[in-house]
Amino acid sequence: MDKVQLLLTLAAALFALGLLGVTVRRNLLVMLMCMELALNGANLALVTFAHQMGEAVGAVLVFLIFVVAAAEIAIAIPIVLLLVRRKRTLDPGAYSDLRG
Amino acid sequence: MIDTLLANLDTLLLYVFALCAFAGAALMIVLRQPMRVALALISTMIFLGGIYGLLGVHFIAAFQVLIYVGAVMVFMVYVIMLLDVRDPAVRRRYSKLLLPGLVAFALLIGVLAYAVWNALPAASRTAGSEGFGLQLFATTFLNAYWLHFELTSVLLLAAVVAAIAVIRAGARRDG
C-alpha cells in the first residue's frame, strides 16, 4: 500500500471514529474528546497533502487548527462545568429541555 | 532479513504508528471511564506526532505534543478528575443514537475509503517530494498568511474574554 494512501485512510478513519463518538457516546466530556479526535484526523490529512506537494500551506492550516482547538477547549470546558453544576450529570439527554 | 528490515525501518515504523493510532481511536469509542478515554486519546495523539516526525515535519510533531498533549489534554484530565464518577452518564456508555450513529459511520467510512482508493491514483503516484523545512514554513506563514496569524490572536483574545464571561454568568446565578 502506498504511503500517502495509508495515511489518508488513517485520517479518514480517525475523522469517522470521532464523528461516531460524538454521535453515540453518552458523556459530554467524551464527546468533546471525540471532537478533538476528528480534528486530529483533519490535521493528519493536511500534513499528508503538504508532505506530498512539498508546500507549506497545509502546515500553516494545521497551525491554525491547533489554535482553534485550544480556543474551543477553553470555551467548551467552562460551559460543561456550568451545565454539570446545574443538573449534576454529564448526560446530554438530561438537557433536552433546552429548546432550540 | 535484518538488513532489509533496517533499510525499510521508516516504512515499518509508519505502519506500526498508524496501527497504534487507529487502535487508540477505536478504544476511545469502546472504553467506559472518561479517564481511560482521555489516556487513549493521548496515546493516539503521541503516535500521530510520531507519524509527523517520520514525514519530516518535525515542528508540527513538536507542537502536536506540546499543544495537544501538553495543554489541551492536561486541561481535560484535570476536569475529569474534578467531576463525579458515580454519574449515570459514566455507567451507561451509549445513547439512543447508537444505531443511526453506526449507520452514518459505515456510510462515511465507505465513501471516504472509496475516494481515497479510486479518485486519488494520479496524484499519489507522483509523490516523491522530501517534505519541507522550518524555513519554508516560516516564510510562507509570515509572508502570505500574516493576516490569518494576526486573526488567531484576536480569536484567542475572544476565547479568553468569553471564558471569563461564562464563568461570571454562572457565579452570578449561583450567588
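This one's a predicted model, so the numbers in the text were calculated from it and none came from an experiment.

Here we look at the side chain of T89(A)
Residue and element names in this part refer to chain A.
Now for step 1: Within the fold, T89 resides in the segment after α3 (57-87).
Now for step 2: With relative accessibility at 9%, the residue T89 sits in the buried group.
Now for step 3: At 3.1 Å, the side chain of T89 forms a polar contact with the backbone nitrogen of D91.

Examining the pattern of salt bridges
All names here are of chain A.
Now for step 1: For the coordinates displayed, the defined rule picks out two salt bridges over all chains.
Now for step 2: Measuring nitrogen to oxygen at the nearest pair gives 2.8 Å for the salt bridge that ties D91 to R26. Of this pair, D91 sits in the segment after α3 while R26 sits in the loop between α1 (3-24) and α2 (28-53); the two residues are 65 residues apart in sequence, bridging distant segments of the chain.
Now for step 3: A relative accessible area of 12% places R26 in the buried class.

Quick word on the confidence of the model for chain B
All names here are of chain B.
Now for step 1: The predicted model of chain B averages 86 in pLDDT, with 90% of residues at 70 or higher.
Now for step 2: For chain B, the element scoring lowest by mean pLDDT is helix α7 (residues 121-125), at 52; helix α3 (residues 34-55) scores highest, at 94.
Now for step 3: Note on the complex model: pTM 0.89, ipTM 0.92.

Comments concerning the packing of aromatic side chains
Now for step 1: One pass over the structure, following the stated rule, counts nine aromatic pairs over all chains.
Now for step 2: Here the aromatic rings of F66(A) and Y68(B) are separated by 5.4 Å at their centres, their planes lie at 85 degrees, and the arrangement is edge-to-face. One end of the pair, F66(A), is in helix α3; the other, Y68(B), is in helix α4 (residues 58-82), on a second chain. Here the two residues F66(A) and Y68(B) agree in accessibility, since each one is buried.
Now for step 3: An angle of 45 degrees between the planes, with centres 5.8 Å apart, marks the rings of F17(B) and F47(B) as tilted.

Some remarks on the interface of chain A and chain B
Now for step 1: Facing the 70 residues of chain A at the interface are 81 residues of chain B.
Now for step 2: Buried area between chain A and chain B, summed over both chains or domains, comes out near 7,000 Å², and the portion from carbon and sulfur atoms is 79%.
Now for step 3: Its largest share of buried area at the contact with chain B, chain A owes to R25(A), R26(A) and M33(A), together 11% of the area lost on that side.
Now for step 4: For the pair chain A and chain B, the interface holds zero salt bridges.
Now for step 5: The tally of links from chain A across to chain B stands at ten residue pairs in polar contact (both at pLDDT 80 or more).
Now for step 6: When contributions to the side of chain A that touches chain B are tallied by element, the ones reaching two or more residues are α1, α2 and α3 of chain A.
Now for step 7: When residues in the side of chain A that touches chain B are grouped by element, the largest group, 23 residues, is from α3(A).
Now for step 8: Here the side of chain A that touches chain B is built from residues that sort into 49 nonpolar, eleven polar and ten charged.

Some points on α3(A)
Now for step 1: In this model, α3(A) (31 residues) spans 45 Å end to end at C-alpha, consistent with the 45 Å of a helix rising 1.5 Å per residue.
Now for step 2: R88(A) sits one or two positions beyond α3(A) and adopts a positive phi of about 60 degrees.

With respect to the packing of α2(A) against helix α2 (residues 9-30) of chain B
Now for step 1: Here α2(A) crosses α2(B) at 155 degrees, and the two axes come no closer than 11 Å. For the element pair α2(A) / α2(B), the angle class is roughly antiparallel. In the packing of α2(A) onto α2(B), the handedness of the crossing is left-handed. Taken together, the residues of α2(B) that come into contact with α2(A) (itself represented by M33(A), C34(A) and L37(A)) are A25(B), M28(B) and I29(B).

Conventions adopted
- All chains use their own residue numbering, which begins from 1 and follows the written sequence.
- Going through the entries in the order they are written, you letter the chains from A and number the ligands from 1.
- Where local features are concerned, this predicted model is filtered to residues with pLDDT of at least 70; where side-chain atom pairs are given and counted, the filter is 80 or more; whole-chain, interface and lining totals use all residues.
- Note: side-chain values were computed over all heavy atoms of the structure, leaving out hydrogens and water.
- Segments assigned H or I by DSSP are reported as helices when at least four residues long, segments assigned E as strands when at least two residues long, and all are numbered from the N terminus.
- Burial classes: relative accessible area under 20% of the type maximum marks a residue as buried, over 50% as exposed, and values in between as partly exposed (1.4 Å probe, protein chains only).
- Any pair of nitrogen or oxygen atoms within 3.5 Å is treated as a polar contact; in protein, a donor-acceptor pairing is required on top of that, and neighbouring residues in sequence qualify only through side-chain atoms on both sides.
- Criterion for a salt bridge: a side-chain nitrogen of Lys or Arg within 4 Å of a carboxyl oxygen of Asp or Glu.
- Every residue is assigned a pLDDT by the predictor, reflecting its confidence on a scale from 0 to 100.
- Note on aromatic contacts: the rings of Phe and Tyr and the six-membered ring of Trp form a pair at centre separations within 6.5 Å, being stacked when their planes are under 30 degrees apart, edge-to-face when over 60 apart, and tilted otherwise.
- Only heavy atoms enter the contact rule, under which two residues are in contact if any of them lie within 4.5 Å.
- Put simply, buried area is the surface a 1.4 Å probe can reach on two separate parts but cannot reach once they are joined, added for both.
- Each residue is assigned to one class: nonpolar for Ala, Val, Leu, Ile, Met, Phe, Trp, Tyr, Cys and Pro, charged for Asp, Glu, Lys and Arg, and polar for all the others, Gly among them.
- Take the residue count of a helix, subtract one, and multiply by 1.5 Å to get its expected span.
- Lines fitted to the C-alpha atoms define the axes, with helices restricted to the stretch that makes contact. Angles between their N-to-C directions range from 0 to 180 degrees.
- Angle categories are assigned with fixed cut-offs, so that under 35 degrees is roughly parallel, over 145 is roughly antiparallel, 65 to 115 is roughly perpendicular, and the rest are oblique.
- Each crossing gets its handedness from the near helix: less than a right angle anticlockwise from the far helix is left-handed, clockwise is right-handed.

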